[in-house]
Amino acid sequence: MLPFLSGDQIRQRFLDFFIQKGHQLLPSASLVPEDPTVLLTIAGMLPFKPIFLGQRPAAYPRVTTAQRCLRTNDIENVGRTARHHTFFEMLGNFSFGDYFKKEAIRWAWELVTEVYQVPAECLAVSVFREDDEAYHLWRDEVGVPAARIQRLGEEDNFWAAGPTGPCGPCSEIYFDFHPERRTKKLDLGDDRRFLEIYNLVFMELNRDGTGHCTPLAARNIDTGMGLERMAQVLQGVPNNYETDLIFPIIQRAAGLGKLDYAQADASTQTALKVIGDHTRAVVQLLADGVRVSNLGRGYILRRLIRRVVRYGRLLGLPVGFTGPVAETAIDLAKAVYPPVGEQAALIQQELLQEEERFLKTLERGEKLLVEILGRPATQATQVIPGNEAFVLYDTYGFPLELTEEVAAEQGLTVDRAGFEAAMAEQVKRSQAAHETVDVTAQQSLEQLVVQLPATQFVGYDQTQVTAEVLGLFTAAGLDDGQVTAGRPVQVMLDQTPFYAESGGQVGDQGYLLGPDLVVRITDVQKHGEVFVHIGQVERGSLGVGDRVTAQIDRVSRRRAAVHHTATHLLQAALRKLVDEQIGQAGSLVAGHRLRFDFTYAQALTPDQVQQVEAQINAWIAEAHSTEVAVMSLTEAKRQGAVAMFGEKYGDQVRVVDVPGVSMELCGGTHISNTAEIGLFKILSETGVASGIRRIEAVAGPAVLDYLNQRDGVVRDLGDLLKAKPEDIPDRVRSLQGEVKTLQKEVDQLQAQLARQQALALLSQAETVGTLQVLVAQLGQVEPEALKTAAQDLLQKLGAGAVILGSAPATDRVALVATFSPEVVAAGLQAGRVIGEIAKQCGGGGGGRPNLAQAGGRDPSQLPQALAAARQTLLEQLGVS
C-alpha cells in the first residue's frame, strides 16, 4: 500500500527535496503573467520563459517552485474525466545552464521512489525515440527494466518553444495502476492504466529557420509534476477530484444541497466536480486581482463563475451558495497562498454579486427560450436549431440538457449535431487564440493597445496634466462614440500623471476632468507600453479625441510613495542586520500598508524584528535625502544597485538611491526625504513557504490609522474584561488557565464516557477459536479517547482483535485497531486492516502491526466499512 500523504505534504516534500539539492525556492508567480502572449499563467515554466529564450539572465542556476496555473482551453472536459482541471498546481525543478539530464533523471527517480515511496514496479518511463542517452540513463544508471521504458515520437516527447529557438527531448514517469498485468509492450496512452506524474524536458538544441538543430551552449532543465495527479496516486482515490485538494469543496457544495456524493448518479457527481474545480480557480483569480468583465481574463473569470452558478442551479443548491463554497476553497488555500486569506471577504463579495447578476441573465435566457419555442419555424420543424441552443448555452448559461427538457415539454427536440458543431467552432477559436477568449466579434482591448503609441508617463514630476483621449474600451468592446454617465470605461491617453501598477506598487486613483465631465479612475494597468485607465463616467460624456485634465489623487499617491520608500529601507535593514544575502521575492506597495517577501530560511526572532524596525525609524529620523538617476544597467550594477528577481530591465534603468542606506533599481514613486515617512511599524513577520518570509508593515499616515484601530480594540477588550488596558494581559492569562482546566475536565469525562460505552460492548465480542473479535462503532468519540477505549477492551478480552470507529464530526471519521500478539502471528496487521477501512471512508492512515489509527472524511460509509472489516477478520482467523 502506498503511504497516504496530504496535498500539502506532497508539495512541501517536493520543495524540500530540491532545496536540499541546492535549488533556490521561489514563490508562485501570479496567475496574471508578464508574458503578453498569454492571458494566464498556463504552465509552471512560464515565469522562466525569458530565461529559457535567452532574453534575461538567470538570478539563480537552480530553482524550484510550486506554480499556480490555470487553463480553460478544454473546459468542457472538467468533471467528465479523472484529471482535467482549470486550476492546478505544477511542482517544478529548473536548471539554467547548470545540471542536466543525468542529475534530472536520477533525482526524479529518487524523489518518486524514496521520498514518495512509490514502488518501482508501479512505474514506467517514456523517452524520445532518438534520445539514446536518456534511455541508457534510465536503464543502466537508474535500473528501470527495458520492458518498462517506451520510446515515443516527436508529438509526445519533444518540446519546442516555437518554430525556431530552444527545443529538446522529453522524458516522462508514469504511474501504473495495474502492474500485475504483465504485457510485452506497454501502451502508455491507456489512461485507464497509466497516469503521467512527472515530465522532464531537456532543452539541449536550437532550431534555426531551416529546421536544422544544433546543440545549445547552455543546456537547461524544465520539469513538471502535477500536484493533483500525485495526490490521486498517493491518496489512493479514483480521480483528482476526490483528493484532499478538491474534495472538501465538493462536500461543502453537496452538503448545501443535501446531496450524498458517494450515492449520487454520474451527472450529479460531474456537476459537483465542476463546482469544486471552478471554485478553486475563481478564488485564486480573484486573489490575484482579476475582476469580472467581458474581455480577456475578466471574461474567463466570469465564465467560470457562471458555470459554477449554472451547475449549482441544476443541483438545486440554494441562492447564495457560492459564498460558503468559496469559504471552503479559501480555507484550503490560505496557508500556502496567504493573499487568498487576505482577500477572503472581497472574494466572497465578488462571487455573490456575479451570482446575483447571472441569475438575472438566466431569467432573460428563459424569456428568449420561450420566444424560440413559439416561433412558427420552430413549431413547423419541431426542432430548435443547434446554433440557437448554443447561444442559450454560451450567452445565457443554459445547459443543453435544460433546453432539451423544456423543449420536450412542448413536443420539440434540439438539433444536437448543430449544437456540437457550434461548440467545436468555439473550442477551435479558443485554442487558436492561445487561451484568449473574445466574447464579442469586435476588436479586443489587447488588439487595440498594440495600435496605439506608448503612453508618456509624466507622473514623477507632475500630478496633473492635459491629455488627449486616444482610445476607449467599454463592456461592449472598442467604442468610437461617446461613453456616457454611469458606464464603466477604460481610457487610453497620450500622456498621463497616473502611475500604472508595476513593481509591486498599485496603480494611482484620481479623475479625468473636462467641461461638465467627471470620470473617476480607480485603477491603472499597463498593457505593453500603453497605460489603461480604468474607471467610470460619473458626469457628462467622453469620446476619442477629447482633451481632458488627468489629475491623480495626491493623498493616495503620497501614501503609496511613503510605503515604497519604506520598503527600500526595510530591505536595506534586513540585509544589514539579518543576512546580506537576503533578496526580494515579491512585494505589495499600497496606500494602507506594505508587504515584503524575502528569501530567508528561518523565522526572525522578536529581537531581530525589533532591531529592524528601530533601524528603519533611525534612518527616518536622520532625514536622508532620496536621489533618483537614470543610468545604464551595467553602471547601476557596478554601483551596487539591488535588482529584483523576475523584473524586466532595459539597457537604461532608473535607480533610487538613499545614500549610505539603500540603492535599488526601481520605477516606482518615492518621497524626497526619509523624514517625510514619519514613523514605521512592523505588523507581522510570517512564513509564506519554505525559505520565503513575509513582513507586513505600515508607515506614515497609515501608522496613525493602525494605532487608532488598535486603540479601539484595546478599549473594547477592557470593557469586555472589566480591566484597565495595562491589566488585560494578566486577565487573559487568567481566563486561559480557567479554560485549560475546564478542558482537561471535559477530556477526562469524555474518556471516562468512552470507556463505559466500550465496556458495554464486551458482550458483542465474537469467539474465533481461542481468540475474541470485537468490531463496533462508538458515537462521536475523539481519536485519543477511542484509542484508549480500544486498548482497554483488548486488555479485558485477552487474546484477540478490537476495531473501533467513531464520527467526531459530520465530516470526520476516527478509526483504531489493536491486535494481540496471537492475531499478529496469524498474519493480520492492524495498519493494513485499518488502512482499508479508512480508504472506504475517504481517508487513510496506518501504524504498527499491533496498533494503528486512521481517519476519514465520510461518516456515512463507516457502518459498511466496519462490517467489511469484521468479515475480513472472521474469514482470516478461520470463520467463513
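Residues numbered from 1 in each chain as written. Predicted model: local features only at pLDDT ≥ 70, side-chain atom pairs only at ≥ 80, totals over all residues. Heavy atoms only, no water.

Visitor: Which residues make up the overall build of the protein chain, and what values go with them?
Guide: Check the secondary structure of the protein chain and you find 26 helices and 35 strands. The C-alpha radius of gyration of the protein chain comes to 31 Å, within 12% of the 29 Å expected for a compact globule of 880 residues. Along the first, second and third principal axes, the C-alpha atoms of the protein chain reach 95 × 85 × 65 Å. Of all 880 residues assigned to the protein chain, the portion counted as buried reaches 50%. Taking the intrachain contacts of the protein chain between residues at least 6 apart in sequence as the baseline, contacts between residues at least 24 apart amount to 68%. Carbon and sulfur atoms make up 50% of the accessible area of the protein chain, which amounts to about 39,100 Å² in all. Of the side chains in the protein chain, 84 bear a positive and 107 a negative charge, and the two mean positions are spaced by 2 Å. (Helix = DSSP H or I, 4+ residues; strand = E, 2+ residues; numbered from the N terminus. Rg over C-alpha atoms; globule rule 2.2 N^0.38 Å. Buried < 20%, exposed > 50% of the residue type's maximum accessible area, 1.4 Å probe, protein only. Contact = heavy atoms within 4.5 Å. Areas by Shrake-Rupley, 256 points an atom, 1.4 Å probe, with all protein chains shown as cover. Lys, Arg positive; Asp, Glu negative; His and termini not counted. Charge placed at Lys NZ, Arg CZ, Asp CG, Glu CD.)

Visitor: Break down the packing of helix α10 (residues 322-333) against helix α12 (residues 344-374) for me, with residues and values.
Guide: When two helices pack together, you describe them by how their axes are tilted relative to each other and by the distance separating the axes. Interaxial distance between α10 and α12 falls to 9 Å at its minimum, and their mutual angle equals 145°. Crossing of α10 over α12 shows right-handed handedness. The residues of α12 that touch α10, namely those facing T322, G323, P324, A326, E327 and I330, are A344, I347, Q348, L351, L352 and E355. Looking at the contact of α10 with α12, its residues break down into 7 nonpolar, 3 polar and 2 charged. (Axes fitted to C-alpha atoms, helices over the stretch in contact; angles between N-to-C directions. Left-handed = near helix turned anticlockwise from the far one by under 90°. Nonpolar A, V, L, I, M, F, W, Y, C, P; charged D, E, K, R; others polar.)

Visitor: Just give me the short version of the nonpolar core, but keep the residues and values in it.
Guide: With 99 residues, the main nonpolar core has Y116, W138, I197 and Y198 as its most contacted residues. When near neighbours in sequence (up to four residues on either side) are disregarded, Y198 contacts F14, F18, N93, A108, L111, V112, S171, E172, I173, T223, G224 and M225. Counting 29 residues, the second-largest nonpolar core is a separate cluster that includes A561, Y600, V609 and A699. (Core = buried A, V, L, I, M, F, W, Y, C linked by side-chain atoms within 4.5 Å.)

Visitor: Before we move on, can you summarise the side chain of D176 with the specific residues and values?
Guide: Counting through the fold element by element, D176 comes out in strand β7 (residues 165-176). There is a polar contact of 2.9 Å between the side chain of D176 and the side chain of R193. Beyond its immediate chain neighbours, meaning those up to four positions away, D176 contacts C122, R148, R193 and F194. (Polar contact = N/O pair within 3.5 Å; in protein donor to acceptor, adjacent residues only side chain to side chain.)

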